[in-house]
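# Coordinate analysis (summary)
One letter stands for each residue in the lines below.
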Amino acid sequence: MRKNIIRESKVSRPAVFLLIILSTIAVQGVYSAPIPQASQSSTRTGATYIFTIESISVVDLSGTTKTVTVAVTYYGRYTLLGSSISLQPQCNASVLSGQPVLLGSWRPGTTKIATFTVDGTNATTHCPVGILVSWQDSWDDAYGMNTQMGGSTLINTELVACWLTDPRVSVSPQMVYMNTINSAVIEIANQGISDMRDVTVSINGQGVTLLNITVPLSYNVGLLAGGSRIRIPLQLVPQSSFPALLVTLSYVDCTGNARSSTFNIPLYATQGQSIIVIPDPATVTAGATNKITLRVVNLGSITAKNLQVILNLQGSPLAITPSVLEIGDLNPGEIKTFPVRVEVPSTASTSTPVSYQAIYNTPGSGLTYTQGSFTLFILQRSSVTITSIEVVPQTVEVGSNVVFALSLINDGTYPVYAVNVSAYPGEGLVSSRTLYTYLGQLNPQVLTSVPFSFKALKEGDYEVRFLVTYVDAYGNKGSAERVSFVKVVKPSASTTSSPRTSANPTSLLLGGLFLLLVALGVYLYKRRSKKGAGS
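Now for a look at the structure at hand. Just so it is clear, the structure is predicted and the values come from calculations on it, not from any experiment.

Scoring rules and cut-offs
- Residues numbered from 1 in each chain as written.
- Predicted model: local features only at pLDDT ≥ 70, side-chain atom pairs only at ≥ 80, totals over all residues.
- Heavy atoms only, no water.
- Helix = DSSP H or I, 4+ residues; strand = E, 2+ residues; numbered from the N terminus.
- Buried < 20%, exposed > 50% of the residue type's maximum accessible area, 1.4 Å probe, protein only.
- Contact = heavy atoms within 4.5 Å.
- Areas by Shrake-Rupley, 256 points an atom, 1.4 Å probe, with all protein chains shown as cover.
- Pairing = 2+ DSSP bridges.
- Axes fitted to C-alpha atoms, helices over the stretch in contact; angles between N-to-C directions.
- Phe/Tyr/Trp six-rings, centres within 6.5 Å; stacked < 30°, edge-to-face > 60°.
- Lys NZ or Arg CZ within 6 Å of the ring centre and 35° of its normal.
- Core = buried A, V, L, I, M, F, W, Y, C linked by side-chain atoms within 4.5 Å.
- Salt bridge = Lys/Arg side-chain N within 4 Å of Asp/Glu carboxyl O.
- Polar contact = N/O pair within 3.5 Å; in protein donor to acceptor, adjacent residues only side chain to side chain.
- 1 Å grid on protein atoms, 1.4 Å probe; cavity = no way out; pocket = protein on both sides within 12 Å on 5 of 7 lines; lining within 4 Å.
- Points joined across faces, edges and corners; volume = space filled by probe spheres on them.
- Nonpolar A, V, L, I, M, F, W, Y, C, P; charged D, E, K, R; others polar.

With that settled, the discussion passes to the overall build of the protein chain. For the protein chain, the helix and strand inventory stands at 4 helices and 39 strands. With 535 residues in all, the protein chain has 39% of them scored as buried. Counted over contacts in the protein chain with a minimum sequence separation of 6, partners at least 24 positions apart contribute 68%. Accessible surface computed for the protein chain: about 27800 Å², of which carbon and sulfur atoms make up 55%.

Put into structure tokens, the structure is as follows:
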């Protein structure tokens, strides 16, 4: 019986070696590795046990932790019982999973697969490993009995793996603003220790428009050594509330295998701007030069460095000085104020938007542009002006009257209401009538004259102050004031003697009546005399 077994073993040995040659040609893994040699283990009675490594594959888990999968084919006469496989790295790598991996019975011509979790933090790219195959007994199918032959064999080979190729992609900032141009920076880092060669970066936007580039954006980086990183600046405008950037890295790893990794990086879009400008007050008056304050606020979460705010006045009727505000650094939540002068024409509308552009640098990115606008509400000017004061006569004698005629005009575009003109004479003058005139409503561009009469009491130079008060269309009270002067002199000699030489009007009237009666009496007397002579 034993001789027959040995004989069969010897007769089949050339065929077995042919199978070994064919099987070793087919050994290929995910990572390149030298073709391992078949292992022969001869035990008593001349039985042959041959094992061939079909493949070794390495799959990344996280960082330096890998999954190593070994496929081994067994060629022999007997069925192995209680078989198992162990992995023995010899490059400072350690097996984290339990060993050995139990495989159970193993029939000739079949392949068994064992998976191991390996930490290669300190491992080299080319890692010699030993694969130990063990079995407790074997079974002879021809005689239906155990052979009581257990054993083991060690297959030495080499595992080639990039233990730490750890590409990472990030975007800064991740918060972007709707309806404005945002600057962002994509950072691509190799956080591993193995080099990445022939690196190509492809960038595409989802719900976001990339400016000034072809889509998808493709960069040929070349070599990205372990621990190094690159930065790619972008300008983008969000088109949805949940935009994202799709970044694909294609590269050749340290083993020469082509690899590809895709990263979907979400962005967070908001309606507000990070830099806003608030006018204080927000109202200006038409036809006047107004002084207001602009408050610049950083509502974002990052510091705006070298901030510059440019006011866009193209097509605007307003003139704002200065139109460029040099802010400097503006921290999150910080407010800086700047006084400006706003010149508004009288024909300006009731509200005018003013757009602006904020230009600044953010940490870790390039130049950033943020756009916004604020509104100035224009109040139409309603004001009363005393254009002139006529004094008649310029020099008045004591006891005589003097008239002051004020010319008023509403030089705004809206009516004014409750217009009242008051006079405040000096002590040498007394009003001939009232000291005020109430006009009520005064329409725009209507010239109005208001007279005041005073009697001169004593000689001297006297001041008369005139005050105009009114209420504009918005309920605001306004006033205009002007002062005029008059000279009071002593009465002249002709004026003094005039009462003696000149007749009193009443006396003249009585005298006229007297003369008329005398003439009437003469006429009647003559008529009677004629009648008497005729008789």
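There's plenty left to go through after this.
A few words now on the sheet that holds strand S31 (residues 384-392). Spatial strand order, S31-S33-S37-S35: 4 strands in an open sheet with antiparallel pairing. Two strands lie at the open edges of the sheet, namely S31 and strand S35 (429-431), each paired on one side alone. Put simply, the sheet's adjacent strands are angled 35° from each other on average, direction ignored. In terms of strand pairing, S35 meets strand S37 (residues 447-456) through 3 bridges, oriented antiparallel. Within S37, the residue paired with serine 431 across the bridge is phenylalanine 454.

Our next topic: the packing of aromatic side chains. One pass over the full model with this rule turns up 11 aromatic pairs. Their ring planes at 50° and their centres at 5.8 Å tell us that phenylalanine 404 and phenylalanine 466 sit as a pair that is tilted. Of the two residues, phenylalanine 404 sits in strand S33 (residues 401-410) while phenylalanine 466 sits in strand S38 (residues 460-471), which places them 62 residues apart along the sequence. For the pair phenylalanine 404 and phenylalanine 466, one class covers both residues: buried. Ring geometry for phenylalanine 452 against phenylalanine 466: centres 5.7 Å apart, planes inclined by 45°, an arrangement best described as tilted. Note that phenylalanine 452 is positioned in strand S37 and phenylalanine 466 in strand S38, a separation of 14 residues in sequence. The pair formed by phenylalanine 452 and phenylalanine 466 is uniform in burial state, with each residue classed as buried. One aromatic cluster in this structure is built from Tyr49, Phe51, Tyr74, Trp106 and Trp135. The ring centre of tyrosine 424 lies 4.4 Å from the NZ or CZ of arginine 465, which sits over that ring.

Grouped together as the largest cluster of nonpolar side chains are 32 residues, with contacts concentrated most on Tyr49, Phe51, Val68, Ile85, Trp106, Phe116 and Ile131. Formed by 30 residues, the second largest nonpolar core is a distinct cluster that contains Val309, Val344, Ala348 and Ala358.

Next up on the list: the environment of cysteine 162. As for its placement among the helices and strands, cysteine 162 is situated in the loop between strand S11 (151-160) and strand S12 (167-172). Judged by relative accessible area, which is 2%, cysteine 162 ranks as buried. The sequence separation of cysteine 162 and asparagine 257 amounts to 95 residues, and the corresponding C-alpha distance is 10.0 Å.

On the basis of which strands lie adjacent, the open sheet formed by 4 strands has the order S17-S15-S19-S20 and antiparallel pairing. Each edge of the open sheet carries a strand with a single partner, namely strand S17 (217-224) and strand S20 (258-266). Looking at each pair of strands side by side, their axes are set apart by 20° on average, direction ignored.

Scanning the model with the defined rule gives 10 salt bridges in all. For glutamate 187, the salt bridge is made with arginine 231, and the minimal N-O distance between the two is 3.0 Å. You can see glutamate 187 sitting in strand S14 (residues 182-190) and its partner arginine 231 sitting in strand S18 (residues 229-238), a full 44 residues away along the chain. Take glutamate 187: its relative accessible area is 16%, and that puts it in the buried class. Put simply, aspartate 461 and lysine 487 hold a salt bridge, and the shortest N to O gap is 3.5 Å. With a gap of 26 residues between them, aspartate 461 in strand S38 and lysine 487 in strand S39 (residues 477-489) connect regions that are remote in the sequence. For aspartate 461, a relative accessible area of 60% corresponds to the exposed category. One continuous salt-bridge network, built from bridges that share partners, spans Glu187, Arg229 and Arg231.

What follows is about the side chain of aspartate 253. Note on placement: aspartate 253 falls in the loop between strand S19 (244-252) and S20. Accessibility expressed as a relative area gives 0% for aspartate 253, which makes it buried. Only 3.4 Å separates the side chain of aspartate 253 from the side chain of arginine 259, close enough to count as a polar contact.

What follows is about the layout of surface pockets. Volume-wise, the second largest pocket comes out at about 210 Å³. Contributing to the lining of the second largest pocket are 17 residues, with Pro173, Met175, Tyr177, Ile302 and Tyr360 lying nearest its centre. Taken together, the elements giving at least two residues each to the lining of the second largest pocket come down to strand S13 (175-177), S14 and strand S30 (367-379). In terms of residue class, the lining of the second largest pocket is made up of 8 nonpolar, 9 polar and no charged.

On to the pairing of S12. Here S12 shows a buried face lined by Pro167, Val169 and Val171 and an unburied face lined by Arg168, Ser170 and Ser172. Pairing of S12 with S14 involves 6 bridges; the strand directions are antiparallel. Note that in S14 the partner of serine 170 across the bridge is glutamate 187.

We now examine unusual backbone geometry. Omega for the bond connecting serine 172 with proline 173 falls within 30 degrees of zero, at -10°, which places this linkage in the cis form. Here proline 173 lies in the loop between S12 and S13. Note that the residue after aspartate 280, namely proline 281, is joined by a cis bond; omega there is -5°. Looking at the element boundaries, proline 281 is found in the loop between strand S22 (275-280) and strand S23 (283-285). For asparagine 306, which is not glycine, the phi torsion reads 55° and is therefore positive. For asparagine 306, a relative accessible area of 54% puts it in the exposed group.

Tracing the sequence through the fold places glutamine 380 in the loop between S30 and S31. A residue is classified by how much of its surface remains accessible, and glutamine 380, at 10% relative accessible area, is buried. In this structure glutamine 380 touches Ala286, Ser346, Ala348, Ser349, Thr413, Tyr414 and Tyr474, once residues within four positions along its chain are discounted.

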